[in-house]
Amino acid sequence: MGRTSKDKRDVYYRLAKENGWRARSAFKLLQLDEEFQLFQGVTRAVDLCAAPGSWSQVLSQKIGGQGSGHVVAVDLQAMAPIPGVLQIQGDITQLSTAKEIIQHFEGCPADLVVCDGAPDVTGLHDVDEYMQAQLLLAALNIATHVLKPGGCFVAKIFRGRDVTLIYSQLRVFFSSVLCAKPRSSRNSSIEAFAVCQGYDPPQGFLPDLTKPLLDHSYDPDFNQLDGPTRIIVPFVTCGDLSSYDSDRSYPLDPPISPPYQEACTLKKKGRLAKEIRSQDCPINTVDTLSQ
Ligand code: SAM
């Protein structure tokens with residue numbers, strides 16, 4: 001789909017173009033790393049829902065030099081190759097894809113699993129939030145198979161009605177769970193990122209793909225947690241506060257040529273095409289003044 005002029009005014013979109021990132025999302029991962037030092041000591045990572053690949057580009061650069069296969073990128077869609085990144089095309093909610101990923105890390109677990117997955121948004125908030133939660137839980141399920149103890153999991157969440165339930169599930173597996181909103185993520189979006197550090201599954205937990213974590217009944221009362229099971233996850237904004245605000249428009253430097261520039265020039269000169277409605281002319285006839 002072509003980019004609209006709104007996209008072009010977006011400072012992170014322009015910075016991504018300038019810096020060779022495939023998507024503005026690269027800044028979200030970079031800003032999360034600024035805050036949480038996600039890449040420290042990381043040599044093996046999985047990028048779930050990776051296309052078009054800006055997070056994989058960041059991972060390849062940050063933990064680069066490790067050779068091919070140290071970053072595994074997975075998406076429904078094919079993407080152009082990235083040096084040092086092994087690609088798997090598949091659906092992360094499917095057993096076959098999960099198995100393919102897990103196979104790759106057998107005997108050599110990953111330090112970091114990231115998931116920026118987003119379903120095709122329907123506009124029906126409940127459906128979108130549910131789909132997003134399913135993606136996150138599929139990603140968590142894969143993470144429980146491939147992460148080393150102490151490893152880190154970062155996943156996009158929608159801060160909707162059921163988000164506390166998701167935090168609680170994440171807290172079962174990680175010693176620290178935070179909700180982070182990078183500066184490059186638009187304030188107008190309910191997206192945020194669950195940053196889960198210190199992978200530490202409960203004693204006796206055996207990852208089991210045949211019982212996916214996402215396969216629960218979604219009983220609405222189940223979200224009404226209290227007592228020790230109610231977990232309040234800290235909310236952190238990240239990215240330097242003096243950096244660009246993703247909801248503002250900034251003056252363009254250098255100025256771009258908008259597609260309507262010619263129309264502006266014609267208007268200044270009084271030569272813009274004008275609709276003429278008269279008895280002689282059929283409605284909608286367009287005439288150009290002062291040709
Ligand atoms: N992080 C990426 C980047 O920086 O380029 C952008 C990811 S984009 C926001 C969301 C991606 O999720 C899409 O490419 C989509 O194909 C993928 N996706 C959605 N559902 C998926 C699924 N079930 N399995 C695999 N990928 C999925």
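In this text the structure is predicted, and so the values were computed from the model without any measurement.

About the criteria used
- The residue numbers shown here count from 1 along each chain, following its written sequence.
- For a predicted model such as this one, the threshold for reporting local features is a pLDDT of at least 70, and the threshold for listing and counting side-chain atom pairs is 80 or more; totals across whole chains, interfaces and linings nevertheless cover every residue.
- Put simply, DSSP H or I for four residues or longer makes a helix, DSSP E for two residues or longer makes a strand, and each gets a number counted from the N terminus.
- In this scheme the burial state of a residue depends on its C-beta neighbours within 10 Å: 20 or more other such atoms mean buried, 12 or fewer mean exposed, and anything in between means partly exposed; the C-beta positions come from the backbone.
- UniProt positions are given in the numbering used here, feature names are shortened, and annotations may be inferred rather than shown by experiment.
- A residue pair is marked as a contact if its C-beta atoms, positioned from the backbone, fall within 7 Å.
- Residues are classed as near a molecule or strand if the C-beta position derived from their backbone is within 6 Å of it.
- Residues are sorted three ways: Asp, Glu, Lys and Arg are charged, Ala, Val, Leu, Ile, Met, Phe, Trp, Tyr, Cys and Pro are nonpolar, and all the rest, Gly among them, are polar.
- Following DSSP output, two strands are said to pair if at least two bridges run between them.
- Axis lines are fitted to C-alpha atoms, over the contacting stretch for helices. Their N-to-C directions set the angle, which ranges from 0 to 180 degrees.
- Angle categories: roughly parallel below 35 degrees, roughly antiparallel above 145, roughly perpendicular from 65 to 115, and oblique for all the rest.
- In this scheme the handedness of a crossing depends on how the near helix is turned from the far one: anticlockwise by less than a right angle means left-handed, clockwise means right-handed.
- Every residue is assigned a pLDDT by the predictor, reflecting its confidence on a scale from 0 to 100.
- Here, a nonpolar core means buried Ala, Val, Leu, Ile, Met, Phe, Trp, Tyr and Cys residues linked by C-beta atoms lying within 7 Å of one another.
- This arc is built from the directions going out from the helix axis to the C-beta atoms.

A.B. asks: I'd like to hear about the overall build of the protein, residue by residue, with values.
C.D. replies: Looking only at helices and strands, the protein has 8 helices and 10 strands in total. Taken across its 291 residues, the protein has 34% of its residues classed as buried.

A.B. asks: Quick one: what's the story with the UniProt feature "binding site: S-adenosyl-L-methionine" (unreviewed entry) in the protein, residue by residue and with numbers?
C.D. replies: In the numbering used here, UniProt assigns the "binding site: S-adenosyl-L-methionine" (unreviewed entry) feature to G53, W55, D75, D91 and D116. Of note, W55 is situated in helix α4 (residues 54-62). Apart from residues lying up to four places away in sequence, W55 is in contact with S25, A26, L29, D47, A50, V114 and D116. Within the secondary structure, D75 sits in strand β2 (residues 71-75).

A.B. asks: Would you mind going over the site of the ligand in detail, with residue names and values included?
C.D. replies: Taken together, 22 residues are adjacent to the ligand, and S25, C49, A51, S54 and D116 come closest. Residue composition of the shell around the ligand, grouped by class: 12 nonpolar, 6 polar and 4 charged.

A.B. asks: Can you tell me about the sheet that holds strand β8 (residues 235-238), naming the residues and giving the values?
C.D. replies: Across the sheet, which stays open at both edges, the 8 strands sit in the order β3-β2-β1-β4-β5-β7-β6-β8 with mixed pairing between neighbours. A single partner strand is all that each edge strand has here, and the edge strands are β3 (85-89) and β8. Averaged over all neighbouring strand pairs, the angle between strand axes comes to 20 degrees, with direction disregarded. Pairing between strand β5 (residues 147-158) and strand β7 (residues 191-199): 6 bridges, direction antiparallel. Counted as the bridge partner of F158 is E191 from β7. Against the sheet, helix α5 (residues 95-105) touches β1 (45-48), β2, β3 and β4 (110-115), its axis set at about 180 degrees to β2. Contacting β5, β6 (174-182) and β7, helix α7 (residues 163-173) crosses the sheet at an angle of about 140 degrees to β6.

A.B. asks: Quick one: what's the story with helix α8 (residues 261-268), residue by residue and with numbers?
C.D. replies: In terms of burial, α8 is a largely surface element, 0 of the 8 residues being buried. Residue G270 follows α8 closely and has a positive phi angle near 70 degrees.

A.B. asks: Please provide a residue-by-residue account of the packing of helix α3 (residues 26-36) against α4, values included.
C.D. replies: Where α3 contacts α4, the axes come no closer than 8 Å and their chain directions differ by 45 degrees. Viewed along their axes, α3 and α4 adopt a mutual orientation that is oblique. The crossing of α3 and α4 is right-handed. Packed against α3, whose contacting residues are A26, L29 and L30, the element α4 presents S54, W55, Q57 and V58 at the interface. Of the residues belonging to the contact of α3 with α4, the class tally is 5 nonpolar, 2 polar and no charged.

A.B. asks: Quick one: what's the story with the UniProt feature "active site" (unreviewed entry) in the protein, residue by residue and with numbers?
C.D. replies: In this numbering, the UniProt entry assigns the feature "active site" (unreviewed entry) to K156. Within the secondary structure, K156 is located in strand β5. Taking the C-beta count within 10 Å as the criterion, K156 has 22 such neighbours and is therefore assigned buried. Residues contacting K156, with those up to four places away along its chain left out, are C115, D116, G117, A118, E191 and F193.

A.B. asks: Quick rundown of the environment of L112? Include the residues and the values.
C.D. replies: Here L112 is to be found in strand β4. Once the C-alpha coordinates of L112 and V58 are considered, the two residues, 54 residues apart in sequence, prove to be 13 Å apart. Ignoring sequence-local partners within four residues, the contact set of L112 consists of L38, V42, A45, G151 and C152.

A.B. asks: So what about the confidence of the model for the protein? Which residues, and what values?
C.D. replies: When pLDDT is low, close inspection of the predicted coordinates is not appropriate. Chain-level pLDDT for the protein is 83 on average; 80% of the residues reach the 70-or-more range. Between the elements of the protein, mean pLDDT differs from a low of 43, seen in strand β10 (residues 286-288), to a high of 98, seen in α3. Within the model, the stretch residues 213-218 combines pLDDT values under 50 with 8 contacts to residues more than four positions away or in other chains. Across residues 283-291 the pLDDT falls below 50, and counting only partners more than four positions away or on other chains, this stretch makes 14 contacts in the model.

A.B. asks: Tell me about the environment of D240, and name the residues and values.
C.D. replies: Here D240 shows up in the loop between β8 and α8. Sequence separation of D240 and P182 is 58 residues, and the distance between their C-alpha atoms is 9.3 Å.

A.B. asks: Now, about the nonpolar core: what can you tell me, with residues and values included?
C.D. replies: With 67 residues, the main nonpolar core has L48, V113, L136, A139, I142 and F153 as its most contacted residues. In terms of residue count, helix α6 (residues 125-146) provides more of this core than any other element does, 10 residues in total. Those residues within four positions of I142 in sequence are excluded, and the remaining contacts are L48, I92, A98, I101, I102 and V113.

A.B. asks: Outline α7, listing residues and values.
C.D. replies: Turning to α7, its buried residues are V163, I166, Y167, L170 and F173. Buried residues of α7, seen end-on, are gathered within an arc of 115 degrees and therefore sit on one face of the element. Residues of α7 that are buried in the fold lie against α6, β5, β6 and β7.

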